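Below, each chain spelled out in residue letters.
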Amino acid sequence: MAGETIITVVGNLTSDPELRYTQNGLAVANFTIASTPRTFDRASNEWKDGEALFLRASVWRDFAEHVAGSLTKGSRVIASGRLKQRNYQDRDGNNRVSIELEVDEIGPSLRYATASVTRAQSSGGAPRGGSNYGGGNGGGGAEEPWAPAAPVDAPSNDPWSTPGGYSDDTPF
């Protein structure tokens, strides 16, 4: 949407994502990302940590289950999403403001780690964009990020193809 504040944060999870379900059965995972800037102090010839930013974040639906099943406390992540401001009253009746990140994309940082990606099967609910990423209920369409736009006859040395075109299996 136009006018929303989109940011990308690189940091570490302060605890395992907390997976909960609403009364309507929607999954939501909440977690905190700690991002600490580091600068090199030439006078002392060493790296110094700056003030840490602790940012609450949330993801919904199948995405929440994927995050809760994939990321753990201490995981270094790259998260991109929209900042949301929430106004509320605390138990004492004081007005409070909370700034949270509604995550659109998140994944492990591969700067200091490796990762193995496993394609998730859909539980039937389509993500916010409307496409079916899981491939379970009619997947394989052009909107699926893992699939080619259309079956193609590719040269035999193409690891993404099979003799007939489209392959659901990755070459690794």
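First things first, this report covers the structure right here in the doc. Note that the structure is a prediction, hence the values are computed from the model and not measured.

1. A word on the overall build of the chain
So, point 1. A tally of helices and strands in the chain yields one helix and eight strands.
So, point 2. When its helices and strands are written in sequence order, the chain yields β-β-β-β-β-β-α-β-β.
So, point 3. Long-range contacts, defined as pairs at least 24 residues apart, comprise 51% of the intrachain contacts of the chain with a sequence gap of at least 6.
So, point 4. With the model as given, the accessible surface of the chain reaches about 12,100 Å², and the carbon-plus-sulfur share is 49%.

2. Re helix 1 (residues 61–70)
Within an α-helix, residues lying three or four positions from one another point in the same direction, as the helix has 3.6 residues per turn.
So, point 1. Taken residue by residue, helix 1 has Asp62, Ala64 and Val67 as its buried positions.
So, point 2. Elements that come into contact with the buried residues of helix 1 comprise strand 2 (18–21), strand 3 (27–35), strand 6 (53–60) and strand 8 (95–108).

3. Quick word on the environment of Asn30
So, point 1. Inspection of the secondary structure assignment puts Asn30 in strand 3.
So, point 2. Overall, Asn30 belongs to the partly exposed group, its relative accessible area being 23%.
So, point 3. Sequence separation between Asn30 and Trp60 is 30 residues; the distance between their C-alpha atoms is 9.0 Å.
So, point 4. Filtering out sequence-adjacent residues up to four positions away, Asn30 remains in contact with Pro17, Glu18, Arg56, Ala57 and Ser58.

4. Observations regarding the environment of Ile78
So, point 1. Looking at the secondary structure, you find Ile78 in strand 7 (residues 76–89).
So, point 2. When its relative accessible area of 38% is taken as the criterion, Ile78 is described as partly exposed.
So, point 3. C-alpha of Ile78 to C-alpha of Glu105: the two residues are 27 residues apart in sequence and 8.2 Å apart in space.

5. What to know about the nonpolar core
So, point 1. Core analysis: the biggest nonpolar cluster contains 17 residues, and Phe31, Ile33, Val59, Val103 and Ile106 have the highest contact counts within it.
So, point 2. When contributions to this core are tallied by element, the ones reaching two or more residues are strand 1 (6–13), strand 3, strand 6, helix 1, strand 7 and strand 8.
So, point 3. With four residues, strand 3 is the single largest residue contributor to this core.
So, point 4. In contact with Val59, not counting residues within four places along its chain, are Ala27, Val28, Ala29, Phe31, Ala64, Val67 and Val103.

6. Things to note about unusual backbone geometry
So, point 1. Backbone geometry at Asn45 places phi at a positive 60 degrees, although glycine is not the residue there.
So, point 2. Looking at the element boundaries, Asn45 is found in the loop between strand 4 (38–41) and strand 5 (46–49).
So, point 3. One non-glycine residue, Arg61, lies in positive phi territory at about 60 degrees.
So, point 4. Residue placement: Arg61 occurs in helix 1.

7. Topic: the side chain of Ser75
So, point 1. As for its placement among the helices and strands, Ser75 is situated in the loop between helix 1 and strand 7.
So, point 2. What makes Ser75 buried here is its relative accessible area of 15%.
So, point 3. There is a polar contact of 2.7 Å between the side chain of Ser75 and the backbone oxygen of Thr72.
So, point 4. Those residues within four positions of Ser75 in sequence are excluded, and the remaining contacts are Gly11, Asn12 and Leu13.

8. A word on the side chain of Arg82
So, point 1. Checked against the element boundaries, Arg82 lands in strand 7.
So, point 2. Classification of Arg82 as buried rests on a relative accessible area of 5%.
So, point 3. Side-chain polar atoms of Arg82 contact the side chain of Asp104, separated by 2.9 Å.

9. Brief notes about the environment of Val77
So, point 1. On the secondary structure map, Val77 appears in strand 7.
So, point 2. By relative accessible area, Val77 is classed as buried at 0%.
So, point 3. Each C-alpha atom of the pair Val77 and Leu110 lies 8.6 Å from the other, and the pair is 33 residues apart in sequence.
So, point 4. Contacts of Val77, omitting those with residues within four sequence positions, involve Val9, Val10, Gly11, Leu13, Ile33, Leu71, Ile106, Gly107, Pro108 and Ser109.

How each quantity is defined
Residues numbered from 1 in each chain as written. Predicted model: local features only at pLDDT ≥ 70, side-chain atom pairs only at ≥ 80, totals over all residues. Heavy atoms only, no water. Helix = DSSP H or I, 4+ residues; strand = E, 2+ residues; numbered from the N terminus. Contact = heavy atoms within 4.5 Å. Areas by Shrake-Rupley, 256 points an atom, 1.4 Å probe, with all protein chains shown as cover. Buried < 20%, exposed > 50% of the residue type's maximum accessible area, 1.4 Å probe, protein only. Core = buried A, V, L, I, M, F, W, Y, C linked by side-chain atoms within 4.5 Å. Polar contact = N/O pair within 3.5 Å; in protein donor to acceptor, adjacent residues only side chain to side chain.

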